[in-house]
2 protein chains.
Amino acid sequence: MKKLRGEIMNNKFYGIGVGVGDPEEITIKAINTLKKLDVVILPEAKKDDGSVAYEIAKQYMKEDVEKIFVEFPMLKSLEDRENARKENTKIVQKLLDEGKNVGFLTIGDTMTYSTYVYILEHLPEKYLVETVPGVSSFVDMASRFNFPLMIGDETLKVVSLNKKTNIEFELENNDNIVFMKVSRNFENLKQALIKTGNIDKIIMVSNCGKENQKVYYDIKDLTEDDIPYFTTLIVKKGGFKKWRKFNI
Amino acid sequence: MKKLRGEIMNNKFYGIGVGVGDPEEITIKAINTLKKLDVVILPEAKKDDGSVAYEIAKQYMKEDVEKIFVEFPMLKSLEDRENARKENTKIVQKLLDEGKNVGFLTIGDTMTYSTYVYILEHLPEKYLVETVPGVSSFVDMASRFNFPLMIGDETLKVVSLNKKTNIEFELENNDNIVFMKVSRNFENLKQALIKTGNIDKIIMVSNCGKENQKVYYDIKDLTEDDIPYFTTLIVKKGGFKKWRKFNI
């Protein structure tokens, strides 16, 4: 297969993680890859995602790079979502068949809850693919607020919070828990944290790294209405207080 | 506190993640931070760690940067380990008191199983601290081999495998599981993967990104003796086969 691919083409489909928003938090590899692109695919599913990634990336790309916005609509039926993904993949395929280097930008990391993988899933294997990782949101958050994600032999669980999440179970069976998309089930999360004695062992950050960033160590008085879409809550069962000392 | 700190000093203790080994996989922020350092602390606990990080970082640092190697010995008693950490922290403190910018290099990410946090833990809060994240080993691995860590609403669990890990429980209760330090309990991991029907849903990589990197999708014939220290195994309960197509 390797030889066959090389004979036919050497242009590639690139997935590129650009970090969570700090323009300095991009890797040299991502920058060098952005320079190669003829076309850049900008996903428009999650609010702001595409535009934030583009704002970080544009200074590194060719001036005449072709921009294509694709939508990954949040449709109710899986079949409809799958069809939309297949259509988007066809757009990428057509560009690759023209011999172009095509890039797909992702905020954070390319392989952590990104829409990039839906293209990979449907793209035939004859194409060349290269993925460039980035610093994902929870990794960034730990450094930004100077606390370890895990220390020694501790475990870490990452959960995209939703109505089906068994929150108490997760709190019981993991040393550190990252709850992403907290707004989707905030009330139950708060109650479970209180019930299990973990309410004071948390940090919650909305719009991490952005101008409207908000940090909470106490969420007892907050309600679902107070929580923006991009909100992550991290529980450290070993306690959070001792890690707060450097956060000025 | 903020004001007090600013009045006394403005030099900082920096934790810097430099990625897992690919010299391009370092962020602009890490590079800009390395340029500020007067002293660099190089941990010597895990084999190769300090030297790999230094090899990546040295091209960005001042020529006359002071290098200090500190040891985090793997002592049996927690008290002895704690004492060693406190002694190392005193070394950092002394340098900070002299007004120097002190950096601590970490392979991968600063907040993911690093020794940097042991200094943070013991350092008095009067010092200024800034942590620069990096791409951690499992994040790098997913991009390198073109598979998602999590997709849709899937969960991810990261486990530093040891003799106490309840492997079957982890396999049952998570969608994706990252087992790091596989060599510490390989036989039981292999048996649990077979027993739970997950033996064909894995990727295992030794010395990821290094010259002696090895990749396995089939570990049935391997024994504990075949597994180097830096080995990570990732289980995707949804199956791994469809993600192998681009790995040439």
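Conventions used here
Residues numbered from 1 in each chain as written. Chains lettered and ligands numbered in written order. Predicted model: local features only at pLDDT ≥ 70, side-chain atom pairs only at ≥ 80, totals over all residues. Heavy atoms only, no water. UniProt positions renumbered as here; feature names shortened; annotations may be inferred. Helix = DSSP H or I, 4+ residues; strand = E, 2+ residues; numbered from the N terminus. Rg over C-alpha atoms; globule rule 2.2 N^0.38 Å. Buried < 20%, exposed > 50% of the residue type's maximum accessible area, 1.4 Å probe, protein only. Contact = heavy atoms within 4.5 Å. Areas by Shrake-Rupley, 256 points an atom, 1.4 Å probe, with all protein chains shown as cover. Lys, Arg positive; Asp, Glu negative; His and termini not counted. Charge placed at Lys NZ, Arg CZ, Asp CG, Glu CD. Domains from an automatic or database assignment. Buried area = accessible area lost by both parts, 1.4 Å probe. Salt bridge = Lys/Arg side-chain N within 4 Å of Asp/Glu carboxyl O. Polar contact = N/O pair within 3.5 Å; in protein donor to acceptor, adjacent residues only side chain to side chain. Nonpolar A, V, L, I, M, F, W, Y, C, P; charged D, E, K, R; others polar. Pairing = 2+ DSSP bridges. Axes fitted to C-alpha atoms, helices over the stretch in contact; angles between N-to-C directions. 1 Å grid on protein atoms, 1.4 Å probe; cavity = no way out; pocket = protein on both sides within 12 Å on 5 of 7 lines; lining within 4 Å. Points joined across faces, edges and corners; volume = space filled by probe spheres on them.

An unreviewed UniProt entry lists chain A under the name Cobalt-precorrin-2 C(20)-methyltransferase, with Fusobacterium nucleatum subsp. nucleatum given as the organism. For the record of chain A, the UniProt heading Pathway (unreviewed entry) holds the text "Cofactor biosynthesis; adenosylcobalamin biosynthesis." What UniProt records for chain A under Catalytic activity (unreviewed entry) is the sentence "Co-precorrin-2 + S-adenosyl-L-methionine = Co-precorrin-3 + S-adenosyl-L-homocysteine + H(+)".

Q: Explain the overall build of chain A here, please?
A: In terms of regular secondary structure, chain A is built from eight helices and 10 strands. In terms of C-alpha radius of gyration, chain A reaches 20 Å, essentially the compact-globule figure of 18 Å for 248 residues. In terms of principal-axis extent, the alpha carbons of chain A reach across some 60 × 40 × 35 Å. The buried share of chain A, taken over its 248 residues, is 56%. Of the contacts formed within chain A by residues at least 6 apart in sequence, a portion of 70% connects residues at least 24 apart. Here chain A has roughly 10700 Å² of accessible surface; of this, 48% comes from carbon and sulfur atoms. Taking the average place of the 38 positive charges on the side chains of chain A and the average place of its 38 negative ones, the gap between the two points comes to 3 Å.

Q: Help me understand the domain arrangement of chain A, please; the structure alone is not making it clear to me.
A: You'll often see interface size given as the accessible area lost when the parts meet. Residue and element names in this part refer to chain A. Each domain of chain A was delimited in the assignment, giving domain 1 (13–135) and domain 2 (138–236). Averaged C-alpha coordinates put domain 1 and domain 2 at centres separated by 28 Å. Of the residues lining the interface, nine residues belong to domain 1; the matching set on domain 2 comes to 11 residues. Both faces considered, domain 1 and domain 2 share a buried interface measuring about 840 Å² in area, 65% of it formed by carbon and sulfur atoms. In this structure, the connection of domain 1 to domain 2 is made through zero salt bridges. The tally of links between domain 1 and domain 2 comes to one residue pair in polar contact (both at pLDDT 80 or more). When the residues that make up the side of domain 1 that touches domain 2 are grouped by side-chain class, the tally is three nonpolar, one polar and five charged.

Q: Where do I start with the sheet that holds strand E9 (residues 214–216) of chain A in this structure?
A: Neighbouring strands of a sheet are bound in pairs by backbone hydrogen bonds; such pairs are parallel or else antiparallel. In space, the 10 strands of this open sheet follow the order E9(A)-E8(A)-E10(A)-E7(A)-E6(A)-E6(B)-E7(B)-E10(B)-E8(B)-E9(B), with mixed pairing throughout. At either margin of the open sheet sits one strand with a lone partner, and together these are E9 of chain A together with strand E9 (214–216) of chain B. Each adjacent strand pair in this sheet contributes to an overall mean axis angle of 15 degrees, direction not counted. Sheet topology places strand E8 (residues 202–206) of chain B next to E9 of chain B; three bridges connect them, and they run antiparallel. Across the sheet, Met-204 of chain B pairs through a bridge with Tyr-216 of chain B, a residue of E9 of chain B. Across the sheet, helix H8 (residues 186–195) of chain A is in contact with strand E7 (176–180), strand E8 (202–206) and strand E10 (231–236) of chain A; its angle to E10 of chain A comes to roughly 15 degrees.

Q: Would you mind going over the layout of surface pockets with me for this structure?
A: One way to see where empty space is left: roll a probe the size of a water molecule over the atoms. Considered as a void within the structure, the largest pocket measures approximately 790 Å³ in volume. Elements that contribute at least two residues to the lining of the largest pocket include exactly helix H4 (78–97) and helix H5 (116–122) of chain B. Broken down by element, the residue count for the lining of the largest pocket peaks at five residues, all from H4 of chain B. Across the lining of the largest pocket, the residue classes break down as 12 nonpolar, seven polar and 11 charged. In this structure, the second largest pocket encloses a volume near 560 Å³. As for the second largest pocket, its lining consists of 20 residues, and the residues nearest its centre are Met-74, Arg-81, Arg-85 and Tyr-118 of chain A together with Gly-152 of chain B.

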